[in-house]
Amino acid sequence: MFENIIEQGAVLQLRDDILSGRDAPSMLFFGPSGCGKGSAALELARVLSCEKNGDWKCSCSSCERHRFLQHDDLLIIGSRSFSSDISACRSAFLRNPSSQSAKLLFFRSLRKLQLRFSPVILENDSKTAKAVSGVLQSLDEGLNDFLMLDTGTCEKAVMEKLCNSLIKDALKLEDEGLSDTIPINNIRSASSWCRLAPGGKRKTLIIENAENMRDDSRNSLLKLLEEPPATVSIVLNAQRREAIIPTILSRVRPYRFLKRSAEGEKEVIRRIFQDKPEESILHEKNSLLNSYLDSFLTQNDETMRPLAAWFIVSLARAVSLSFKKNNIPAAVYALGERYAPVCETAGIERCVKSAGVVKIIHSKSNNFEFVSFSGFMRLVIELVNTVTREADNPAYIACNEIFKKYINEAVTAVDVLNINSTITLEALFYKLKTALRGQNG
């Protein structure tokens with residue numbers, strides 16, 4: 001019981017509470033990112049619904065479904081970043097595809113994201129349901145194919161192709177479907193689900209990043225916590241206890257998860273990911289585990305961030321052709337100056353014609369295989385924001401708003417209206433070029 005949670009005293013107390021029958025109906029797991037509180041919540045759900053005695057290696061049908069995160073008595077809401085975790089788990093699987101534990105690790109990493117889009121949640125959120133229906137179906141089909149994969153006979157290239165497809169769908173789902181806060185509709189749907197009888201022994205509702213609730217969501221949750229159904233355990237996860245309002249705190253039992261030691265985090269990497277961290281991150285002052293996970297995004301970041309910078313520089317050059325040097329809009333000139341060195345270092349050829357720009361972006365991004373169209377556009381906005389924030393100038397703010405307006409329109413065109421990304425990118429380049437030309441220098 002809780003053997004998979006390394007170096008955390010909180011789970012020892014939690015285990016004692018369960019074994020003595022003193023477990024609380026509502027709990028708060030709080031602690032820093034990467035401390036294992038999310039894994040502990042999932043393990044709690046398995047233990048409480050186990051048909052035997054909750055042992056780690058229990059083979060009952062309930063435990064098997066929980067290991068694959070496919071139990072109907074489990075519901076998770078709340079947003080977080082999944083990209084680094086999924087990428088690390090993919091790498092662990094491809095390093096040792098014959099390992100069933102590595103295969104399950106990758107599958108679970110994807111299910112943790114997919115569970116946020118349960119029919120229970122989407123039935124009261126038609127907007128999100130419509131936006132993610134296609135990619136959600138594609139991910140579901142891909143996961144079924146992955147479970148059926150015979151790693152003993154399947155060629156590595158086929159496995160890599162399937163893994164890459166799964167990650168592409170997962171990143172798109174994360175980009176399009178997850179909001180920064182927990183909306184009240186999610187809480188209301190979860191509350192209704194809690195009041196239905198469980199299929200097995202007990203239901204578990206997990207609310208991740210519970211500090212990210214709006215006031216109306218908090219009030220709705222408070223009603224559930226005041227009279228929680230007898231067959232449901234509710235677990236709130238948060239980084240700081242102080243971020244949870246007192247009225248909710250008074251109705252949950254807190255369990256504090258501490259930052260693991262460097263040796264503890266190395267053990268997590270060794271045992272869970274069957275790997276060891278690179279020398280370059282061994283001396284991280286913050287979280288060695290988080291740095292390890294983030295290292296799997298480095299390749300994507302090294303490719304996509306310079307490409308986003310190149311898009312901005314190409315646009316700035318296209319705009320500057322319409323002006324004499326001293327009349328180029330200040331914000332456009334600043335963007336070009338800031339990111340031109342990045343493009344030169346990346347070695348991406350110069351281009352100012354929309355068709356050529358679009359062709360290179362699709363080629364360098366592998367047709368947005370690892371980062372979705374909206375993810376790439378988010379990088380562009382992020383880079384523009386970096387420059388405009390540093391200048392106390394209304395013209396820079398106006399430039400920033402131009403980028404946001406047309407990029408948001410482009411993302412909607414591709415992700416909601418299913419318009420071809422090539423056509424959309426060409427139109428975006430032209431619209432931005434025209435709008436930025438209209439700025440005063």
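For the structure, check the block above.
Please read these numbers as outputs of a predicted model, since none were measured by experiment.

*Asks:* Explain the overall build of the chain here, please?
*Replies:* The secondary structure content of the chain amounts to 19 helices and five strands. Here the C-alpha coordinates of the chain stretch approximately 80 × 55 × 40 Å along the principal axes. For the chain, long-range pairs separated by at least 24 residues make up 76% of all intrachain contacts whose partners lie at least 6 apart in sequence. Counting only carbon and sulfur atoms, one obtains 49% of the accessible surface of the chain, whose full area is about 21,000 Å². Averaging the locations of the 58 positively and 53 negatively charged side chains of the chain gives two centres separated by 2 Å.

*Asks:* Can you help me understand the sheet that holds strand β4 (residues 232-238) in this one?
*Replies:* What holds strands together in a sheet is hydrogen bonding between their backbones, with the strands either parallel or antiparallel. Judged by pairing direction, the sheet is parallel, and its five strands sit side by side in the order β2-β3-β4-β1-β5 without closing on themselves. Each edge of the open sheet is held by one strand with a lone partner, namely β2 (74-77) and β5 (253-256). For this sheet the average axis-to-axis angle between neighbouring strands, irrespective of direction, equals 20 degrees. Helix-sheet contacts for helix α2 (residues 37-49) involve β1 (26-30), β2, β3 (203-207) and β4, and the interaxial angle to β4 is about 175 degrees. Helix-sheet contacts for helix α10 (residues 215-226) involve β1, β3 and β4, and the interaxial angle to β4 is about 140 degrees.

*Asks:* In this structure, what is going on with the pattern of salt bridges? I would like to understand it.
*Replies:* Any two side chains of opposite charge can pair, so long as their charged atoms come close to each other. Throughout the structure, instances matching the rule amount to 15 salt bridges. The partner of R116 in a salt bridge is E208, with the nearest N and O atoms 1.9 Å apart. On the criterion of sequence distance, the pair formed by R116 in the loop between α5 (100-114) and α6 (119-122) and E208 in the loop between β3 and α10 is long-range, its members being 92 residues apart. The same class applies to R116 and to E208, which are both buried. Two residues, R305 and E382, come together in a salt bridge whose shortest N-O distance is 2.8 Å. Note that R305 is positioned in helix α14 (residues 298-320) and E382 in helix α17 (residues 373-390), a separation of 77 residues in sequence. Salt bridges here are not isolated pairs; linked through shared partners, they connect D17, R22 and R253.

*Asks:* Sorry if this is basic, but what is going on with the packing of helix α16 (residues 354-364) against helix α19 (residues 421-437) here?
*Replies:* How two helices sit against one another is set out by the angle between their axes and by the gap between those axes. Contact geometry of α16 with α19 gives a least axis separation of 9 Å together with a crossing angle of 130 degrees. Judged on the interaxial angle alone, α19 and α16 are oblique. For the crossing formed where α16 meets α19, the hand is right-handed. Contact residues: α16 offers S354, A355, V357, V358, I361 and H362, while α19 offers S421, T422, L425, E426 and F429. By residue class, the composition of the contact of α16 with α19 is six nonpolar, four polar and one charged.

Reading the values: the criteria
Residues numbered from 1 in each chain as written. Predicted model: local features only at pLDDT ≥ 70, side-chain atom pairs only at ≥ 80, totals over all residues. Heavy atoms only, no water. Helix = DSSP H or I, 4+ residues; strand = E, 2+ residues; numbered from the N terminus. Contact = heavy atoms within 4.5 Å. Areas by Shrake-Rupley, 256 points an atom, 1.4 Å probe, with all protein chains shown as cover. Lys, Arg positive; Asp, Glu negative; His and termini not counted. Charge placed at Lys NZ, Arg CZ, Asp CG, Glu CD. Pairing = 2+ DSSP bridges. Axes fitted to C-alpha atoms, helices over the stretch in contact; angles between N-to-C directions. Salt bridge = Lys/Arg side-chain N within 4 Å of Asp/Glu carboxyl O. Buried < 20%, exposed > 50% of the residue type's maximum accessible area, 1.4 Å probe, protein only. Parallel < 35°, antiparallel > 145°, perpendicular 65-115°, else oblique. Left-handed = near helix turned anticlockwise from the far one by under 90°. Nonpolar A, V, L, I, M, F, W, Y, C, P; charged D, E, K, R; others polar.

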